[in-house]
Amino acid sequence: MTVIDSRPSLLIGVIGTNTEVGKTWVTAQLLATLKLRGSRVAARKPVQSYGPDEIDTDAARLAGASGEEVTEICPAHRWYPLGLAPPMAAQALGRGPVWMSELVSETRWPADVDIGFVETVGGVRSPLACDGDSLELLRRLEVDRMLLVADAELGTINAVRLTLAAVSPVPTVVYLNRFNPNSKLHELNRRWLAEQDKLTVITDVHSLAVAIEEAHRSSDHNSARTPKPRCCAR
Ligand SMILES: Nc1ncnc2c1ncn2[C@@H]1O[C@H](COP(=O)(O)OP(=O)(O)OP(=O)(O)O)[C@@H](O)[C@H]1O
Ligand SMILES: C[C@H](N)[C@@H](CCCCCC(=O)O)NC(=O)O
């Protein structure tokens, strides 16, 4: 059992239908928007891998938006400069294995955070550690909700459905990144997911921030009635 110093009132896991879909971009925009609107926010990316020529890492982009130190977002020993899933990058770089239990115990939060975001790697079943994937990390951290970043192109309905089947029953909001309101395909995909699948589907960052603030308000309301255990994680 790992003792956690503190936990945000609302903890959101950021997942994607795939790598490069825009998890970091959306999370950074959201952090900046929520902060401007008065929420106390923090972000964590417990491990990151990236092409050696990439200028800005995901942790740097999240730090730029949340105002935290980059090594608070992702500890320096969890940076793997190779464009592979982190446990594969670690092996290829001759570094030690990445264990899930270590990532979980290294994920710490400052006091008094309203909304915390944990960004995963790739899609939900992408390997994040030797012994677990992105979804397993969020399960171990006991996130309250998930933010699923998808695109709005042909194929997104299948990708969203498969991802939601994997994360069920955690409440999940779907964000269609790079949504173009002038694209008939994008609008038809949005409508199908909202109307046929009864999903909460959002296509702009401002509306996403408002939805997350509302989730935060209702989590505060619920925890006032039923205190959530906040000191322990598996
Ligand atoms: N809506 C957007 N507008 C402009 N650029 C975007 C948008 N969404 C994503 N990008 C760009 O696309 C690239 C991939 O996005 P991002 O790094 O956020 O993906 P990711 O899902 O976090 O990937 P990974 O799985 O590697 O963490 C980045 O260069 C990012 O800046
Ligand atoms: C290198 C990428 N940028 C990303 C790892 C993506 C792994 C995808 C693996 C897979 O599902 O096949 N790393 C990261 O988000 O830290």
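Every value quoted in this text rests on a predicted model; they were computed, and no experiment measured them. (Residues numbered from 1 in each chain as written. Chains lettered and ligands numbered in written order. Predicted model: local features only at pLDDT ≥ 70, side-chain atom pairs only at ≥ 80, totals over all residues. Heavy atoms only, no water.)

**Things to note about the side chain of glutamate 68**
1) Next: Relative to the helices and strands, glutamate 68 resides in the loop between α2 (58-66) and α3 (70-73).
2) Next: Taking relative accessible area as the criterion, glutamate 68 reaches 13% and is therefore assigned buried.
3) Next: Side-chain polar atoms of glutamate 68 contact the side chain of arginine 44, separated by 2.9 Å.
4) Next: Once you skip the residues sitting within four places of it in the chain, glutamate 68 turns out to touch Ala42, Ala43, Arg44, Ala63, Ile73 and Pro110. (Helix = DSSP H or I, 4+ residues; strand = E, 2+ residues; numbered from the N terminus. Buried < 20%, exposed > 50% of the residue type's maximum accessible area, 1.4 Å probe, protein only. Polar contact = N/O pair within 3.5 Å; in protein donor to acceptor, adjacent residues only side chain to side chain. Contact = heavy atoms within 4.5 Å.)

**Here's the deal with the sheet that holds strand β9 (residues 145-150)**
1) Next: Reading across the sheet, the six strands line up as β3-β6-β2-β9-β10-β11 and stay open at both edges, with parallel pairing between neighbours. At either end of the open sheet lies a strand with only one pairing partner, and these are β3 (41-44) and β11 (201-202).
2) Next: The sheet contact formed by strand β2 (residues 10-16) and β9 spans five bridges and is parallel. Looking at β9, one finds that glycine 13 is bridged to methionine 146.
3) Next: Its contacts with the sheet put helix α7 (residues 156-167) on β2, β9 and β10 (172-176), and the angle it makes with β9 is roughly 160°. (Pairing = 2+ DSSP bridges. Axes fitted to C-alpha atoms, helices over the stretch in contact; angles between N-to-C directions.)

**Some details on the packing of aromatic side chains**
1) Next: Applying the stated rule across the entire model yields zero aromatic pairs.
2) Next: A cation over an aromatic ring shows up here: arginine 44 above the ring of tryptophan 109, its NZ or CZ 5.0 Å from the ring centre. (Phe/Tyr/Trp six-rings, centres within 6.5 Å; stacked < 30°, edge-to-face > 60°. Lys NZ or Arg CZ within 6 Å of the ring centre and 35° of its normal.)

**Overview of the site of ligand 2**
1) Next: Close to ligand 2 lie Thr19, Lys45, Gln48, Ser49, Asp58, Gly83, Leu84, Ala85, Val121 and Ser126, which account for all nearby residues.
2) Next: Between ligand 2 and lysine 45, the relevant distance is 2.8 Å, taken from an oxygen atom to a side-chain nitrogen or oxygen of the residue.
3) Next: Serine 49 places a polar side-chain atom, nitrogen or oxygen, 2.8 Å from a nitrogen atom of ligand 2.
4) Next: Protein chains shield 72% of the accessible area of ligand 2, which is 440 Å² for the free molecule.
5) Next: Of all the cavities here, the one that holds ligand 2 is the largest pocket.
6) Next: Residue composition of the shell around ligand 2, grouped by class: three nonpolar, five polar and two charged. (Near = heavy atom within 4 Å. Areas by Shrake-Rupley, 256 points an atom, 1.4 Å probe, with all protein chains shown as cover. 1 Å grid on protein atoms, 1.4 Å probe; cavity = no way out; pocket = protein on both sides within 12 Å on 5 of 7 lines; lining within 4 Å. Sits in = over half its atoms within 2 Å of the grid points. Nonpolar A, V, L, I, M, F, W, Y, C, P; charged D, E, K, R; others polar.)

**Digging into the site of ligand 1**
1) Next: Neighbouring residues of ligand 1: 14 residues in total, closest Lys23, Thr24, Trp25, Asn177 and Arg178.
2) Next: Contact distances for ligand 1 include 3.4 Å between an oxygen atom and a side-chain N or O atom of glutamate 119.
3) Next: In this structure, a nitrogen atom belonging to ligand 1 sits 2.9 Å away from a side-chain N or O atom of asparagine 177.
4) Next: Across the complex, the protein chains shield 73% of the 630 Å² of accessible surface that ligand 1 would expose by itself.

**Let's talk about the confidence of the model for the chain**
1) Next: Mean pLDDT for the chain: 93, with 92% of residues reaching 70 or above.
2) Next: Mean pLDDT in the chain bottoms out at strand β12 (residues 232-233), which sits at 32, and peaks at β9, which reaches 99.
3) Next: The model gives residues 225-234 a pLDDT under 50, and that stretch makes 20 contacts with residues more than four places away or in other chains.
4) Next: Model confidence for the complex is summarised by a pTM of 0.94, with the ipTM given as 0.99. (pLDDT = per-residue confidence, 0-100.)

**Examining helix α8 (residues 184-196)**
1) Next: Taking 1.5 Å as the rise per residue, α8 with 13 residues should run 18 Å; its terminal C-alpha atoms sit 17 Å apart, in good agreement.
2) Next: Looking at α8, one finds that the buried residues are His186, Asn189 and Leu193. The buried residues of α8 occupy one face: seen down the axis, they fall within an arc of 65°.
3) Next: Buried-residue contacts for α8 involve α7, β10 and β11.
4) Next: Phi turns positive one or two residues past the end of α8, at lysine 198, with a value near 55°. (Expected span 1.5 Å × (residues − 1). Arc of directions from axis to C-beta.)

**Regarding the packing of helix α1 (residues 23-36) against α2**
1) Next: Running from amino to carboxyl end, α1 crosses α2 at an angle of 15°, the nearest separation of the two axes being 8 Å. The angle between the axes of α1 and α2 places the two elements in the roughly parallel class. Along this stretch, α1 crosses α2, giving a crossing that reads as right-handed. Counted together, Thr24, Thr27, Ala28, Leu31, Ala32 and Lys35 of α1 and Asp58, Arg61, Leu62, Ala65 and Ser66 of α2 form the full contact between these two elements.
2) Next: The residue inventory of the contact of α1 with α2, partitioned by class, reads five nonpolar, three polar and three charged. (Parallel < 35°, antiparallel > 145°, perpendicular 65-115°, else oblique. Left-handed = near helix turned anticlockwise from the far one by under 90°.)

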